[in-house]
Amino acid sequence: MSDIHEAHTALGDVAARTLSNATKTVPMLSTITPRWLTHLLHWVPVEAGIYRVNKVKNEANLAVDCSSLDEKILPQTFVDYEEWGREYRLNAVNTVLDVHTRVADLYSSPHNQTNEQLRLTIETIKERQESELINNAEYGLLNNVAPNFRIQPRNALGSPTPDDLDELIAKVWKEPAFFLAHPQAIAAFGREATRRGTPPPTVSLFGSQFITWRGIPLIPCDKVRVVNGKTSILLLRTGESRQGVVGLYQPNLTGELSMGLSVRFMGINHKAIASYLVSLYCSLAVLTEDALGVLENVNVGNYYDYK
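This one's a predicted model, so the numbers in the text were calculated from it and none came from an experiment.

> Lay out the environment of Asn136 in plain terms, naming residues and giving numbers.
Relative to the assigned elements, Asn136 resides in the loop between helix H4 (113-135) and strand E5 (150-151). The exposure class of Asn136 is buried, given its relative accessible area of 10%. For the pair Asn136 and Gly247, spaced 111 residues apart in sequence, the C-alpha to C-alpha distance is 13 Å. Filtering out sequence-adjacent residues up to four positions away, Asn136 remains in contact with Asn91, Ser131 and Asn143. At 3.1 Å, the side chain of Asn136 forms a polar contact with the backbone nitrogen of Tyr139.

Written as structure tokens, this is what we have:
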């Protein structure tokens, strides 16, 4: 019988690893999402941090006539404006990032510590930006839907049905761009549509697959919160030329890295800690009431047994 304790005849794995380098990834952050909303919005640069939406006061009383062969007197009219439109001010999402210079100097290979700290901080700020675009008390989508454009599910259980989304489309019927909903709400709608024999088709956007209804994609976003099993489904028209929903940002910032985002070096203190101010300026405006609708109190917990 061979001796199981006989000496190795070649270098072992454990010892060999002392001379090898492991391939290391950059730090992963599970809270990062695709942030489809910020990709799909049309963004408007704002001077001095203020965006004013002007409207017509007498839009229902504008008089026009179709010309005929007689010589009747043509109507006279004029377009009046509201004296002071609603003003949207840019909000700042910011933080101060601290990085010890010793850490940055000694431990930046293969990945630069300062760059990775900034990358993860910026990702977190952008996640907060998307949340504010939806939930902010002043300018968030959910808090800026006009009363006439809020509807409730027709189903007694509150499940989102094709009829509900059709009614939402009937509200926002002028060039609707996309639905926005929590992934659980989209799954709940998929169950209701499949149960009725009308499984939603899919479309490819940005290299990803989305289900659609009446040709309009349902965009998932976990910032449309689910509370006690209830959530909302939004429908938007986007773009300034379409009198829709637009995102707002401040251009030409000092230390600008991307649209509305800046990083500024603040100096090094007596503890050898370097500080960076990371700021993102943004807001959102709904140009007309019929650019935004919502299906409220959507139940995401209704399931079926398929036989």
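> Would you mind going over the nonpolar core in detail, with residue names and values included?
Counting 52 residues, the largest nonpolar core has Tyr51, Leu141, Leu180, Leu234, Leu236, Val245 and Leu248 as the members making the most contacts within it. Among the elements that line this core, the one with the most residues is strand E14 (residues 273-286), at eight residues. Beyond its immediate chain neighbours, meaning those up to four positions away, Leu248 contacts Trp43, Val44, Val46, Tyr51, Tyr88, Leu90, Tyr281, Cys282, Ser283, Leu284 and Ala285. Judged by nonpolar contacts, the second largest core, of 20 residues, contains Val172, Phe179, Trp213 and Val298.

> Can you explain the sheet that holds strand E7 (residues 202-205)? Please cite residues and give values.
The seven strands lie next to each other as E5-E15-E10-E6-E9-E8-E7, forming an open sheet whose pairing is mixed. A single partner strand is all that each edge strand has here, and the edge strands are E5 and E7.

> Now, about the state of the cysteines: what can you tell me, with residues and values included?
A complete count under the given rule lists zero disulfides for this structure. Cysteine Cys221 shares no disulfide, and the gap to the nearest cysteine sulfur, in Cys282, comes to 13 Å. The class of Cys221 is buried, set by a relative accessible area of 5%.

> Account for the pairing of strand E15 (residues 292-299), with residues named and values stated.
Counting buried positions along E15 gives seven out of eight residues, so the element sits mostly inside the fold. In the sheet, E5 pairs with E15 via two bridges, with the strands oriented parallel. Following the sheet pairing, Arg150 is matched in E15 by Val294. With six bridges joining them, strand E10 (residues 230-236) and E15 adopt antiparallel strand pairing. By the bridge assignment, Leu236 is partnered in E15 with Leu292.

> Report on a nonpolar patch on the surface, specifying residues and quantitative values.
A cluster of nonpolar side chains, contributed by Leu62, Val79 and Tyr81, occupies part of the molecular surface with about 290 Å² of accessible area. Position of Val79 relative to the elements: it lies in the loop between strand E2 (50-53) and strand E3 (86-89).

Calculation criteria
- Residues numbered from 1 in each chain as written.
- Predicted model: local features only at pLDDT ≥ 70, side-chain atom pairs only at ≥ 80, totals over all residues.
- Heavy atoms only, no water.
- Helix = DSSP H or I, 4+ residues; strand = E, 2+ residues; numbered from the N terminus.
- Buried < 20%, exposed > 50% of the residue type's maximum accessible area, 1.4 Å probe, protein only.
- Contact = heavy atoms within 4.5 Å.
- Polar contact = N/O pair within 3.5 Å; in protein donor to acceptor, adjacent residues only side chain to side chain.
- Core = buried A, V, L, I, M, F, W, Y, C linked by side-chain atoms within 4.5 Å.
- Pairing = 2+ DSSP bridges.
- Disulfide = S-S within 2.5 Å.
- Patch = residues over 30% accessible without salt bridge, like charges linked within 9 Å, V, L, I, M, F, W, Y side chains within 5 Å.
- Areas by Shrake-Rupley, 256 points an atom, 1.4 Å probe, with all protein chains shown as cover.
- Salt bridge = Lys/Arg side-chain N within 4 Å of Asp/Glu carboxyl O.

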